[in-house]
Amino acid sequence: MTTVRIAFPRRYSPAAFWRRRLAPWRTRRLLETHLLVLFLCAALASTALFSSYRQTQRGAEDLASREAPAVQGLAATRLAALRADQEAHALVRMRLVDVAGSGETYRSQLSAADQGLSRIADRTDQDLGTVMGLLNTYSTSLNLGTSLYSDQPLMREQKLDEADSLLTRDKVGLSPRLDELQKAQMRHARTTAAMGRWQQAGWWLAELALAALALTLLSALFVLRDRCGRDWNPYLLAALVLTVLLAVFPLLTTSATANDLGGALRDLQQITDVSRHTGTGLAEAQQSVTQTSEEVRQQLTDGAWTDRVYRATVVGGLLVVVLPALGLGLRLDSDYWRRR
């Protein structure tokens, strides 16, 4: 009775099941088949993993170097142009236009807007020629309205009204055009940060190939112990550990990067919403945009450690291709291939 109880689990254990499945195969052919399957799974997993992970890294880099600065720059430019108009009208209203040094604030805002557009031009594919020309015309009208016609109130008022029209005219004014550019830039930022269908398919393919690789490694280790009477092969054991690490850490890193990009996108949307502020409180809005922009920059910079994970993934991917081939290749060469 005791013998039956012990034999029953042994007969239906996973090892016994796999031994029966492999029974029709000769040992040499079995090892060679494992070697081929290991190489194909490792090569497929490594290729899919490199490609998918690199696309994630490229998206994070593009968002940090191009899209985010462009969104921030457009917001800062829009607020600077609005504040310049506000400061110029305040000077005229308070009759401080002719006071020495009284126009430094609005001039510095115009300069900031111009410099902001110049920096954005290198970080966006959008055509900024019309907006830059409109900003120059607006700056000229504002300067003429505050400095040239000091003794001609009607001309001063006309130039300031002209500047207002250039700034706020529906659809064709500087502010509406900058708003449209911001919307388009936010769409670019979301597209850059999003994980596309092909990238998702690449991650699924990589994980499935790594799972198949791990199972094949376990099978190869079982065959070496069951058929060849060998101890655990160190090359295959190392490859198995690396396979598990490759299946876990790059995916966790990608998930963390995706969370960082999602947070950055929310902050960029907040910057865009704040930049639409008009009326009083433009200085506070500028401070808010500056502070949030620094938080976005810091958040995207903190993800630089993922580059080290990518390099480790490249090395690990190469090793999972080499180690199984080395482990089974040496065994086959020692036991079979040299006997030809």
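Structure: see above.
Residues numbered from 1 in each chain as written. Predicted model: local features only at pLDDT ≥ 70, side-chain atom pairs only at ≥ 80, totals over all residues. Heavy atoms only, no water.

**Let's talk about the pattern of salt bridges**
When the charged atoms of two side chains lie near each other, side chains of opposite charge can form a pair.
Argument step 1. Enumeration over the complete set of coordinates arrives at 8 salt bridges.
Argument step 2. Across the pair Arg29 and Glu32 runs a salt bridge whose closest N-O atoms are separated by 3.1 Å. Here Arg29 and its partner Glu32 are both found in helix α3 (residues 27-93), 3 residues apart, which amounts to about one turn of the helix.
Argument step 3. Close ionic contact of Glu180 with Lys183 constitutes a salt bridge, the shortest N to O distance being 3.8 Å. Here the residue Glu180 and the residue Lys183 both occupy positions in helix α7 (residues 174-193), the gap between them amounting to 3 residues, near one helical turn.
Argument step 4. Classification of Glu180 by relative accessible area gives partly exposed; the value is 46%.
Argument step 5. The exposure class assigned to Lys183 is partly exposed, which follows from its relative accessible area of 34%.
Argument step 6. Several salt bridges share partner residues, and in doing so they unite Asp179, Glu180, Lys183, Asp273 and Arg276 into one network. (Salt bridge = Lys/Arg side-chain N within 4 Å of Asp/Glu carboxyl O. Helix = DSSP H or I, 4+ residues; strand = E, 2+ residues; numbered from the N terminus. Buried < 20%, exposed > 50% of the residue type's maximum accessible area, 1.4 Å probe, protein only.)

**Observations concerning α7**
Argument step 1. Here α7 contains 20 residues, and its C-alpha end-to-end distance of 28 Å stays within 8% of the 28 Å for a straight helix at 1.5 Å per residue.
Argument step 2. The set of residues buried in α7 consists of Leu174, Ser175, Pro176, Leu178, Asp179, Leu181, Gln182, Ala184, Gln185, Met186, Ala189 and Ala193. (Expected span 1.5 Å × (residues − 1).)

**Concerning the nonpolar core**
Argument step 1. Counting residues in hydrophobic clusters, the biggest one holds 45 residues, and the most contacted among them are Leu63, Tyr138, Leu142, Leu174 and Leu268.
Argument step 2. Listed by contribution, the elements that provide at least two residues to this core are α3, α4 (104-120), α5 (129-148), α6 (153-168), α7, α9 (234-275) and α10 (282-301).
Argument step 3. Of the residues forming this core, the biggest block, 14 residues, is contributed by α3.
Argument step 4. Not counting chain neighbours up to four residues away, the residues in contact with Leu63 comprise Ala68, Pro69, Ala189, Thr192, Ala193, Leu261, Ala264, Leu265, Leu268 and Leu300.
Argument step 5. In terms of nonpolar packing, the next biggest core, distinct from the first, is built from 31 residues, Leu213, Ala220, Leu221 and Leu323 among them. (Core = buried A, V, L, I, M, F, W, Y, C linked by side-chain atoms within 4.5 Å. Contact = heavy atoms within 4.5 Å.)

**What about the packing of α9 against α10?**
Argument step 1. With their axes 10 Å apart at the nearest point, α9 and α10 run at an angle of 165° to one another. Taken together, the axes of α9 and α10 lie roughly antiparallel to each other. Note on packing geometry: the crossing formed by α9 with α10 is left-handed. Taken together, the residues of α10 that come into contact with α9 (itself represented by Asp260, Leu261, Gly263, Ala264, Asp267, Leu268, Gln270, Ile271 and Val274) are Ala285, Ser288, Val289, Thr292, Ser293, Val296, Gln299 and Leu300. (Axes fitted to C-alpha atoms, helices over the stretch in contact; angles between N-to-C directions. Parallel < 35°, antiparallel > 145°, perpendicular 65-115°, else oblique. Left-handed = near helix turned anticlockwise from the far one by under 90°.)

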